[in-house]
Amino acid sequence: MSDHKKNHPLVLAVDLGTSGCKTALVALGGKGENGQIEPAGVIGFEFEPVELILPSGGGCEQRPEDWWQAFLVTTQRLLKKQSRYRDQIVAVCCSTQGEGTICIDEKGEALGNAILWLDMRGAPYIEKVAGGWPSIAGYGALKLWRWIGLTGGAPALSGKDSAAHMLLVKHEHPDLYRRTHKFLNVIDYMNLRLTGRAVATYDSILTSWVTDNRDPANIRYDDSLVKMSGIDKSKLPDIVKCTDVVGMLRPDVAKQLSLPQLPVVAGSIDNTASALGSGCVDLGDAHLYIGTSSWIAAHVPEKKTDVFSSVAAVPCAFDDRYLMTALQSSAGSNLSYLKDHILYHEDELLREEHVPDVYKIFDRIVERTESGSGGLIYMPWLYGERAPAEDRTLRAGLFNLSLEHNRSHIIRAFFEGVALNTRWMLAPVEKFLGKRLGRITIAGGGATSNVWCSIFADTLGIPVRQLDQPVQVNALGSAFMAGIALNLMKRSDIPERTRIKSTYQPDADRQAIMNRSFETFLELHKRLAPVYHRIRG
């Protein structure tokens, strides 16, 4: 973004995802000298990958210190390259992956690795806590009624959220549990390192399932839910709003980065931030995020839940509404899996030192391959699924592979499979919203692919708007939160400061092909789900 005006404030926005840490300088935009609205935008960013650790038994972890070092490295590189803008930075704000769990001691130091949102090892413990008679979808009916009534949702029986992670620590690592001063989510840990203060945000505490969320302006712990969770209340942090200032940047961190002691705004987990960064802040205006995982989200006026489709309205960055969220476990991770574990897996077949920009090559191949992938169907359930079917036993697969197919068909099938999975989620989302979506805004790394945007339009059957800077959507959302926190902008400013690059319309012929593929996709889930339950249950 080379046209940044010197009079506009900047936010140091941190986007810490599963794949790594991206730190950006974001201009908030506003009225220019000619009175016209100048859009918000990312001036520059730096990225540093973070290693993913996969212990046996369904584990998924990362080292908190790796997050912090990636933040320091990216920030130092960014500020060196963009040194002329250093004096315009007014705040620091983070967005991070959600549903992670870090144990910290009284000194604020992490006690081992973080348990991530893909980790399923706590499933047996949460199933025991959540179960009971009479049973509804694996939950005790009275417990489910209590959770939904107060929180708007319920613990994932797959074990993929904080409630199960904490129980895993308690039951399998009792000494670690005893030494834990506070359990923090990923955003909470970053704020602790930035300010020295251990707090949770309205959205980061959600998946501990211990809060009364009936008043979106006053999210608070409920003693009955805390007792039901089996976790000591003393180990849970104080709660703040996403747009609260947690504190000032610690002197040692400020010195290391050659910055003043800037205010640190609480920020949020990624789906909350992307809802702002996409510009979709009006009620019912939906966005689709395609990253390692994916989701559809839209702001709604009331708290409600569809437990059977795992769709819920949950606390968000605004204290007068909720964010409807439907989450799918594996999206862009299917393409990285295809690249890293099949096409460029390091073995005797590949001894290249430099892997090319595979994703751009994918786009070219997919664009010249016919819609429907020659009848090949890919099911993208690499690590179970969340919505619309909460099922940790599901796994990915290619269906209908034959001698007629080649690598091009397989690559396009991966793209189409993620889109088919998203369409599977669309029906309960529209039912939840009480309306058909007239369009959807696409964001995240997957939205940089023009051909994938087109596939989504054909598969979903609605126009798809592509953000101008889709990879930066979380950084933009973090910056908007900081701007609101410091009274530099209002929520109503966000849509007009959001830039749309292109809009993709469904093509009637391709849409008909994808309709047939979707029918097969639904039948494959119906027939294969019992098989996965039997072999992986």
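My aim in this report is to walk through the structure given alongside it, one point at a time.

Parameters at a glance
- Every residue gets a number counted from 1 within its own chain, in the order that chain's sequence is written.
- The model is predicted, so local features are restricted to residues of pLDDT at least 70 and side-chain atom pairs to those at 80 or more, both for listing and for counting; the totals for chains, interfaces and linings are taken over all residues.
- As a rule here, side-chain values cover all heavy atoms of the structure and leave hydrogens and water aside.
- Strand pairing is defined by DSSP finding a minimum of two bridges between the two strands.
- Starting at the N terminus, helices and strands are each numbered in turn, a helix being any DSSP run of H or I of at least four residues and a strand any DSSP run of E of at least two.
- Partly exposed describes any residue whose relative accessible area lies between the buried limit of under 20% and the exposed limit of over 50%, with all areas from a 1.4 Å probe on protein chains only and scaled to the type maximum.
- Here Asp and Glu are counted as negative and Lys and Arg as positive; His is not counted, and neither are the chain ends.
- When a carboxyl oxygen of Asp or Glu lies within 4 Å of a side-chain nitrogen of Lys or Arg, that pair is called a salt bridge.
- Pairs of N or O atoms within 3.5 Å make up the polar contacts considered here, provided that, within protein, one atom can donate a hydrogen while the other can accept it, and that residues adjacent in sequence are counted only when both atoms are side-chain atoms.
- Any two residues having at least one pair of non-hydrogen atoms within 4.5 Å are treated as being in contact.
- Working convention: axes come from line fits to C-alpha atoms, limited for helices to the stretch in contact. Angles between N-to-C directions cover 0 to 180 degrees.

### Some thoughts on the sheet that holds strand β20 (residues 294–300)
Sheet strands associate in pairs through backbone hydrogen bonding, adopting either a parallel or an antiparallel arrangement.
Here is step 1: The sheet built from eight strands is open, its strands ordered β21-β22-β23-β20-β19-β26-β27-β28 with mixed pairing. Looking at the sheet topology across the chains shown, the edges are occupied by β21 (305–306) and β28 (500–504).
Here is step 2: Across two bridges, the pairing between β21 and strand β22 (residues 311–314) is antiparallel. Bridged to Asp 306 within β22 is Val 311.

### Comments concerning the side chain of Lys 235
Here is step 1: Within the secondary structure layout, Lys 235 lies in the loop between α7 (223–229) and β16 (238–240).
Here is step 2: Buried Lys 235, no salt bridge; nearest opposite-charge side chain is Asp 232, N-O distance 4.9 Å.
Here is step 3: A distance of 3.0 Å separates a polar atom in the side chain of Lys 235 from the backbone oxygen of Tyr 177.
Here is step 4: Sequence-distant contacts of Lys 235, defined by excluding residues within four places in its chain, comprise Tyr 177, Arg 178, Thr 180, His 181, Lys 182 and Phe 183.

### So, unusual backbone geometry
Here is step 1: Cis geometry marks the peptide bond from Trp 133 to Pro 134; its omega dihedral reads -5°.
Here is step 2: Within the secondary structure, Pro 134 is located in the loop between α2 (123–130) and β10 (135–136).
Here is step 3: In this model, Ala 387 is joined to Pro 388 through a cis peptide bond whose omega is 5°.
Here is step 4: Inspection of the secondary structure assignment puts Pro 388 in the loop between β24 (377–379) and β25 (397–399).
Here is step 5: Although it is not a glycine, Glu 99 sits at a positive phi angle of roughly 55°.
Here is step 6: Relative to the helices and strands, Glu 99 resides in the loop between β7 (89–96) and β8 (102–104).
Here is step 7: Its relative accessible area of 13% is what places Glu 99 among the buried residues.
Here is step 8: We note that Asn 400 has phi near 80°; this positive angle belongs to a residue other than glycine.

### Here we look at the sheet that holds β7
Here is step 1: In space, the six strands of this open sheet follow the order β5-β2-β1-β7-β18-β17, with mixed pairing throughout. Edge positions in the open sheet fall to β5 (41–49) and β17 (245–248), since each of these has one partner strand only. Strand-to-strand twist across the sheet, computed as the mean angle between neighbouring axes with direction ignored, equals 20°.
Here is step 2: Across the face of the sheet, helix α6 (residues 186–195) comes into contact with β1 (10–16), β7, β17 and β18 (263–269) while running at roughly 170° to β18.
Here is step 3: Across the sheet, helix α9 (residues 270–277) touches β7 and β18, and the angle it forms with β18 is around 100°.

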